[in-house]
Amino acid sequence: MADNKAEDNLAQLQALDRAHHLHPFTDPNALRAAPPFMIEHAEGCYVTGQNIRLLDAMAGLGCVNIGYGRKELAAAAADAMERLCYYHSFAAVSNPYAAPLAAKIAEKSPSHMNKVFFANSGSEANETLIKLVRLYWRRKNKPSKKIIISRDYAYHGSTIATTLLNGNKAMIDDFGLEVGKDVTHATAPFWYRLGGDMSPEEFGLAAARDIEAKILEAGADNVAAFFGEPIQGTLGAVVPPASYWPEVERICRKHDVLLVTDEVVTGFGRTGHWFAQETFGFKADMMALAKGLSSAYLPISAAVISDEVAEVIEGAEAVLQHGFTTTGHPVTAAVALRNIQVLEDEGLVDRIRDDVGPYFTKILKSLESHPLVGEARVCGLMAGIELVRDKATRTQYPLELGICEHIGQACLVRGLIVRPVGNALVLCPPFIISHAEIDFIGNVLKEALDDVHNALQQG
Ligand SMILES: Cc1ncc(COP(=O)(O)O)c(C=O)c1O
């Protein structure tokens, strides 16, 4: 009886969802073909839905870094909710959670970054930075500096301005948007696909110098900023060659172009340092943070700016004409503070650098001997497994064959969530992942690759 009830309830929820819920980044045909999969519970590294328990090697969307189901975060939310469920931060008002959170972010950030603006999503943090870039140059009496250089295959969000920075053409075309004269795209530092005969280091320099070419083409007096994700997640977790970021920084400084790093995914430890700026050895002028700030227990993001940028923006003694109703929300700030405390108390960032990161690298790198794997790119606990048809020429299977999706599906039926992105499988597991769970990930990936490889062999 009880089981029937649960099934009835599931069917009812699915029917409601199909009738009324417009899903993000979802093919409506998929929803017409099958009801939505209902995730009902999550704990540690595992999510459970429809009586199926799955190891979530994506930590949701690369965000639940401290793992699911932490009672201390629930308690922090409940306490803050009872004490101060809401107040705004406009017109010089603050609260006992937003102030210490801003200070904590400044403490953790590279020492030259000490001012924080709060928003609700990664898109809003980047949108805020786009506006602050413009404001900065206007306040420096250089209003012609408007052009933002982004990169092919970039992903910075879903608002209109951030969409224009993205490298996904469909996201722009579907909404009748045009990239226009204020955005230009440089090449992605994707050595495996674009590096040709160059060594990774040579290609890293060449990719950075494409940014310089774009600056010179537009005229440095017209270029405001370069925006880039330290690791391009939506390109299949592309980890740039070590030569890339220091050269990008050198070029930005040389041409007086602001360097903006989108650390929405990499911020708060994913690469084994608190911020990927430290991992890759560069200093940005501005940084976007989101997912790992609260481990996505509640929506909160931050736009962090350098002391020099803050001085220009605040020095004008004019109102900052920007903000959201829930900027600096006390409850989300309380949860983010508690999340950072968990990262600190449990030494989770050091653990990635010294222990699980190297182990994760070792296990995933061992897959490079598989005939379907061209390269396993790993940095900390972020990885992309690039698929290949012919290793010698690095040609890939046509994307229409959906090889990556088939492998993702073969992982799913074995109890593992990974994310097929284009021609790569992306993994971003929670920071609390154990060696045994990493072994499980490696074994399942190998079996799933074998399955699909065998099917391809049989035609
Ligand atoms: C690098 C990067 N920037 C920005 C965003 C947008 O963040 P949000 O979905 O919170 O708006 C994402 C989301 O995945 C991202 O990966």
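For the structure, check the block above.
Residues numbered from 1 in each chain as written. Predicted model: local features only at pLDDT ≥ 70, side-chain atom pairs only at ≥ 80, totals over all residues. Heavy atoms only, no water.

1. Re the overall build of the protein
Within the protein, the regular secondary structure consists of 18 helices and 15 strands. Compactness check: the protein gives a C-alpha radius of gyration of 22 Å against a globular reference of 23 Å for 459 residues, within 12% of the reference. Overall, the C-alpha framework of the protein stretches about 65 × 60 × 45 Å when taken along its three principal axes. Per-residue burial for the protein yields a buried fraction of 51% across its 459 residues. Summing over all exposed atoms, the protein offers an accessible surface of approximately 20400 Å²; the carbon and sulfur share of this is 55%. Computing the positive centroid from 42 side-chain charges and the negative centroid from 56, the protein places the two 3 Å apart. (Helix = DSSP H or I, 4+ residues; strand = E, 2+ residues; numbered from the N terminus. Rg over C-alpha atoms; globule rule 2.2 N^0.38 Å. Buried < 20%, exposed > 50% of the residue type's maximum accessible area, 1.4 Å probe, protein only. Areas by Shrake-Rupley, 256 points an atom, 1.4 Å probe, with all protein chains shown as cover. Lys, Arg positive; Asp, Glu negative; His and termini not counted. Charge placed at Lys NZ, Arg CZ, Asp CG, Glu CD.)

2. Re empty space enclosed by the protein
Empty space among the atoms becomes visible once a probe the size of a water molecule is rolled across them. This structure, assessed with the given rule, holds one cavity of 30 Å³ or more. In terms of residue count, the dominant contributor to the lining of the largest cavity is helix α17 (residues 403–412) (three residues). (1 Å grid on protein atoms, 1.4 Å probe; cavity = no way out; pocket = protein on both sides within 12 Å on 5 of 7 lines; lining within 4 Å. Points joined across faces, edges and corners; volume = space filled by probe spheres on them.)

3. Concerning the site of the ligand
S121, G122, S123, N126, Y155, H156, G157, E229, D262, V264, V265 and K291 make up every residue found near the ligand. Between an oxygen atom of the ligand and a main-chain N or O atom of G122, the distance comes to 2.8 Å. Between a nitrogen atom of the ligand and a main-chain N or O atom of Y155, the distance comes to 3.4 Å. When the free accessible area of the ligand is taken as 390 Å², the share hidden by the protein chains comes to 75%. Counting residues per element, the shell around the ligand draws most heavily on helix α6 (residues 122–139), at three residues. Partitioned by chemical class, the residues of the shell around the ligand number three nonpolar, six polar and three charged. (Near = heavy atom within 4 Å. Polar contact = N/O pair within 3.5 Å; in protein donor to acceptor, adjacent residues only side chain to side chain. Nonpolar A, V, L, I, M, F, W, Y, C, P; charged D, E, K, R; others polar.)

4. So, the nonpolar core
Soluble globular proteins: nonpolar side chains tend toward being buried together. With 67 residues, the main nonpolar core has I105 and L445 as its most contacted residues. Both domains that furnish three or more residues to this core are identified here as domain 1 (39–66 + 347–457) and domain 2 (71–345). Once residues lying within four places of it in the same chain are set aside, the contact partners of L445 are L364, L367, I385, C411, L416, V418, L425 and L427. Counting 37 residues, the second-largest nonpolar core is a separate cluster that includes I231, V248, I251 and A284. (Core = buried A, V, L, I, M, F, W, Y, C linked by side-chain atoms within 4.5 Å. Domains from an automatic or database assignment. Contact = heavy atoms within 4.5 Å.)

5. Thoughts on the state of the cysteines
One covalent bond between the sulfur atoms of two cysteine residues makes up a disulfide. A full pass over the atoms with the stated rule returns zero disulfides. Free cysteine: C428, not disulfide-bonded; nearest cysteine sulfur from C63 at 9.2 Å. Accessibility expressed as a relative area gives 3% for C428, which makes it buried. (Disulfide = S-S within 2.5 Å.)

6. Comments concerning the layout of surface pockets
Approximately 790 Å³ is the volume found for the second largest pocket. As for the second largest pocket, its lining consists of 29 residues, and the residues nearest its centre are S89, V116, F117, E314 and L320. Of all the secondary structure elements, the ones that give two or more residues to the lining of the second largest pocket are α5 (98–108), β4 (113–119), α6, β10 (301–306) and α14 (307–315). Residue contributions to the lining of the second largest pocket peak at five residues, all from β4. Across the lining of the second largest pocket, the residue classes break down as 18 nonpolar, seven polar and four charged.

7. Side note on the packing of aromatic side chains
Scanning the entire structure with this criterion turns up 10 aromatic pairs. Seen from their ring centres, F117 and F324 are 6.5 Å apart, and the 70° between their planes marks the pair as edge-to-face. Of this pair, F117 sits in strand β4 while F324 sits in the loop between α14 and α15 (330–345); the two residues are 207 residues apart in sequence, bridging distant segments of the chain. A relative accessible area of 14% places F117 in the buried class. (Phe/Tyr/Trp six-rings, centres within 6.5 Å; stacked < 30°, edge-to-face > 60°.)

8. Quick notes on the pattern of salt bridges
For the structure shown, the criterion picks out 27 salt bridges. For the salt bridge of K104 with E344, the shortest nitrogen-to-oxygen distance reads 2.9 Å. Note that K104 is positioned in helix α5 and E344 in helix α15, a separation of 240 residues in sequence. For the salt bridge of K115 with E314, the shortest nitrogen-to-oxygen distance reads 2.7 Å. You can see K115 sitting in strand β4 and its partner E314 sitting in helix α14, a full 199 residues away along the chain. Taking relative accessible area as the criterion, K115 reaches 36% and is therefore assigned partly exposed. (Salt bridge = Lys/Arg side-chain N within 4 Å of Asp/Glu carboxyl O.)

9. Some words on the sheet that holds strand β13 (residues 416–417)
Spatially, β1-β2-β3-β13 is the arrangement adopted by the four strands of the open sheet, whose pairing is mixed. Among the strands making up the open sheet, the edge pair consists of β1 (41–43) and β13. In this sheet, strand β3 (residues 52–56) lies alongside strand β2 (residues 46–49) in antiparallel orientation, the contact comprising four bridges. Within the sheet, the bridge partner assigned to G49 lies in β3 and is I52. (Pairing = 2+ DSSP bridges.)

10. What about helix α4 (residues 71–83)?
The end-to-end C-alpha distance of α4, which contains 13 residues, comes to 18 Å, matching closely the 18 Å that a straight helix rising 1.5 Å per residue would cover. L73, A76, A77 and A80 are the residues of α4 that are buried. The arc that holds the buried residues of α4, viewed along the axis, is 95°, so those residues lie on one side. Opposite the packed face of α4, turned more than 90 degrees from it, sit the exposed residues K71, D79 and E82. (Expected span 1.5 Å × (residues − 1). Arc of directions from axis to C-beta.)

11. A closer look at the environment of Y86
Assignment of secondary structure puts Y86 in the loop between α4 and α5. Residues Y86 and K131, spaced 45 residues apart in sequence, show a C-alpha to C-alpha distance of 26 Å. Once residues within four sequence positions are removed from consideration, Y86 is found in contact with T325, T326, H329 and P330. A polar contact is formed between the side chain of Y86 and the backbone oxygen of T325, at a distance of 2.6 Å.

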